[in-house]
Amino acid sequence: MPNLLKKQANHINLSIEGMTCNNCALGISKYLEKQGVENISVDFALGEARFTIDKIENTEKIAKGIEQLGYKVVDDKKEANPLNRKWEFDLVKKFYVCAFLTIPLLLHMFIPDGFLSNPYFQLSLCIPVFAIGLWHFGKSALGSLLAGVTNMDVLIVLGSSAAFFYSLYGTINSLGHDFMFYETAATIITVVLLGNLLEQKSVRQTTSSIRELSQLHVQKAKLISGTNGTEKIIETDASLIQQGQFTLVNTGDRVPADGEITWGDCS
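All figures in this text were calculated on a predicted structure; none of them were measured in a lab.

K.L.:
What am I meant to see in the overall build of the protein chain here?
P.N.:
Helix and strand counts for the protein chain stand at six helices and seven strands. Taken from the N to the C terminus, the helices and strands of the protein chain come in the order β-α-β-β-α-β-α-α-α-α-β-β-β. For the protein chain, contacts bridging at least 24 residues in sequence account for 64% of all contacts bridging at least 6. Summed over its atoms, the accessible surface of the protein chain is roughly 16400 Å², and 57% of this surface lies on carbon and sulfur atoms.

K.L.:
What am I meant to see in the sheet that holds strand E2 (residues 38-43) here?
P.N.:
Pairing between sheet strands relies on hydrogen bonds along the backbone, with the strands arranged either parallel or antiparallel. Strand order in the open sheet formed by four strands is E2-E3-E1-E4, with antiparallel pairing between adjacent strands. Since the sheet does not close on itself, it has two edges, and those belong to E2 and strand E4 (72-74), each with one partner. Averaged over all adjacent pairs, the angle separating strand axes in this sheet is 25°, with direction ignored. Summarising the sheet, strand E1 (residues 11-17) and strand E3 (residues 48-52) pair through five bridges and their orientation is antiparallel.

K.L.:
Help me out: how do you make sense of the confidence of the model for the protein chain in this one?
P.N.:
Low pLDDT marks regions whose predicted coordinates should not be analysed in detail. The share of residues in the protein chain with pLDDT of 70 or more is 84%, and the mean pLDDT across the chain is 79. Here residues 1-9 is a poorly scored stretch, pLDDT under 50, and it has 26 contacts once near neighbours within four places are set aside; other chains count.

K.L.:
Even after reading the chapter, I still don't get the sheet that holds strand E5 (residues 220-225), so can you show me in this structure?
P.N.:
One open sheet holds the three strands; their spatial order is E6-E5-E7, and the pairing between them is antiparallel. The sheet is open, and its two borders are formed by strand E6 (232-237) and strand E7 (246-248), each paired with just one other strand. Neighbouring strand axes in the sheet, compared pairwise and without regard to direction, differ in orientation by 50° on average. As paired elements, E5 and E7 share three bridges and run antiparallel to each other. In the strand pairing of E7, Leu223 is matched with Thr247.

K.L.:
When you look at the packing of aromatic side chains in this model, what are you seeing that I'm missing?
P.N.:
Any pair of aromatic rings gets described here by the distance separating the centres and the angle formed by the planes. Under the definition given, this model contains seven aromatic pairs. Centroid distance Phe95 to Tyr96: 5.6 Å. Interplanar angle 50°. Geometry classified as tilted. Relative to Phe164, the ring of Phe130 lies with its centre 4.3 Å away and its plane at 10°, an arrangement referred to as stacked. Separated by 34 residues along the polypeptide, Phe130 in helix H4 (residues 119-146) and Phe164 in helix H5 (residues 152-172) bring together distant segments of the chain. Its relative accessible area of 7% is what places Phe130 among the buried residues. Of the aromatic side chains, those joined through ring pairs into one cluster are Phe130, Phe164, Phe165 and Tyr182.

K.L.:
Is there a simple way to think about the nonpolar core in this case?
P.N.:
Side chains of a nonpolar character, in soluble globular proteins, are inclined to be buried together. Counting residues in each nonpolar core, the largest one holds 27 residues, and the members touching the most others are Phe137, Phe164, Tyr182, Ile189 and Leu193. Sorting the residues of this core by element identifies helix H3 (85-107), H4, H5 and helix H6 (182-216) as the ones contributing at least two each. The greatest single-element share of this core, amounting to eight residues, is contributed by H4. Excluding residues that lie within four positions of it along the chain, Tyr182 makes contacts with Leu105, Pro119, Gln122, Leu123, Cys126, Phe164, Ser167, Leu168 and Thr171. Within the second largest apolar cluster, 24 residues are counted, among which are Leu14, Ala25, Val42 and Tyr71.

K.L.:
I tried to follow the packing of H4 against H5 on my own but got confused; where do I start?
P.N.:
Helix packing geometry: the angle between the two helix axes and the distance between the axes. Running from N to C, H4 and H5 cross one another at 150°; their axes reach a closest spacing of 8 Å. Taken together, the axes of H4 and H5 lie roughly antiparallel to each other. For H4 against H5, the interelement crossing comes out left-handed.

K.L.:
Help me out: how do you make sense of the packing of helix H1 (residues 22-34) against helix H2 (residues 59-68) in this one?
P.N.:
One can describe the packing of H1 onto H2 by two numbers: an axis separation of 11 Å at closest approach and a directional angle of 145°. Crossing handedness for the pair H1 and H2: right-handed. Counted together, Ile28, Tyr31 and Leu32 of H1 and Lys61, Ile62, Gly65 and Ile66 of H2 form the full contact between these two elements. Looking at the contact of H1 with H2 residue by residue, the classes come out as five nonpolar, one polar and one charged.

K.L.:
For this particular structure, what's the right way to read H4?
P.N.:
One turn of the α-helix equals 3.6 residues, which is why residues spaced by three or four share an orientation. In a regular helix each residue adds 1.5 Å, so 28 residues correspond to 40 Å; H4 covers only 35 Å between its end C-alpha atoms and thus falls short of that length. Where H4 bends most, at Phe137, the angle is about 45°. At the N-terminal boundary of H4, the capping side chain belongs to Asn118, with an oxygen 2.8 Å from the backbone nitrogen of Tyr120.

K.L.:
What is the right way to look at unusual backbone geometry in this model?
P.N.:
Most peptide bonds take the trans form, and the phi angle of most residues other than glycine is negative. Positive phi values are uncommon outside glycine, yet Asn39 reaches one of about 50°. Mapped onto the elements of the fold, Asn39 is located in strand E2.

Cut-offs and rules
Residues numbered from 1 in each chain as written. Predicted model: local features only at pLDDT ≥ 70, side-chain atom pairs only at ≥ 80, totals over all residues. Heavy atoms only, no water. Helix = DSSP H or I, 4+ residues; strand = E, 2+ residues; numbered from the N terminus. Contact = heavy atoms within 4.5 Å. Areas by Shrake-Rupley, 256 points an atom, 1.4 Å probe, with all protein chains shown as cover. Pairing = 2+ DSSP bridges. Axes fitted to C-alpha atoms, helices over the stretch in contact; angles between N-to-C directions. pLDDT = per-residue confidence, 0-100. Phe/Tyr/Trp six-rings, centres within 6.5 Å; stacked < 30°, edge-to-face > 60°. Buried < 20%, exposed > 50% of the residue type's maximum accessible area, 1.4 Å probe, protein only. Core = buried A, V, L, I, M, F, W, Y, C linked by side-chain atoms within 4.5 Å. Parallel < 35°, antiparallel > 145°, perpendicular 65-115°, else oblique. Left-handed = near helix turned anticlockwise from the far one by under 90°. Nonpolar A, V, L, I, M, F, W, Y, C, P; charged D, E, K, R; others polar. Expected span 1.5 Å × (residues − 1). Bend = angle between axes of the 7 residues up to and from the residue. Polar contact = N/O pair within 3.5 Å; in protein donor to acceptor, adjacent residues only side chain to side chain.

Take a look at the structure:
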């Protein structure tokens, strides 16, 4: 496991890849609650989980537990990207394959006769979609069940599996079209994949805006200490500036806090 700890007392910040929605964040939050940690804040858009812990050495155990839920905890020293480009590209490919195979399954509802209504033809189209769905959602669903914290992926797998195996039973026993729900199984998976894609696009735009704003945030300030010719400049954290203190802002610097100009000028 990588070095996951931030060296600030018992305040822990983990970078997590693989969260796709608020339900993912909620599942991790519930898991953290079961571990007895406090001040829990999980943000799926930023790919972060923050909490405080009594015994800092237990953090590695908690990180492994999060990975067992189906996510990936990465070294926060790296430029962790919650919206991994490769993962998003794989999601796009999965969606297009599923959509291409699901459309004929839906068309048979409007064209009741012909090869589109053949149960074995529908089965051949549904199997790849169902397999992609199990591969994409299954690991997270299984991990959440083993951890005792169910997430949305469990519902997706249960819904698509029920429709698929019910239809398969009807196909094997030649029970007719009243038992054919392959389009339901495929549509569940395809629609959720589409939802994930749209959500990723929205989150990417939001995350980019947040990062641009954070880049404008001033981290350091030049504090003027001393009086009557003994002044000296001390660099300090901008968040530590207090009312009544004086700071030096040179040409090109960002103003670290609201205040009044006591000497000098600016435009």
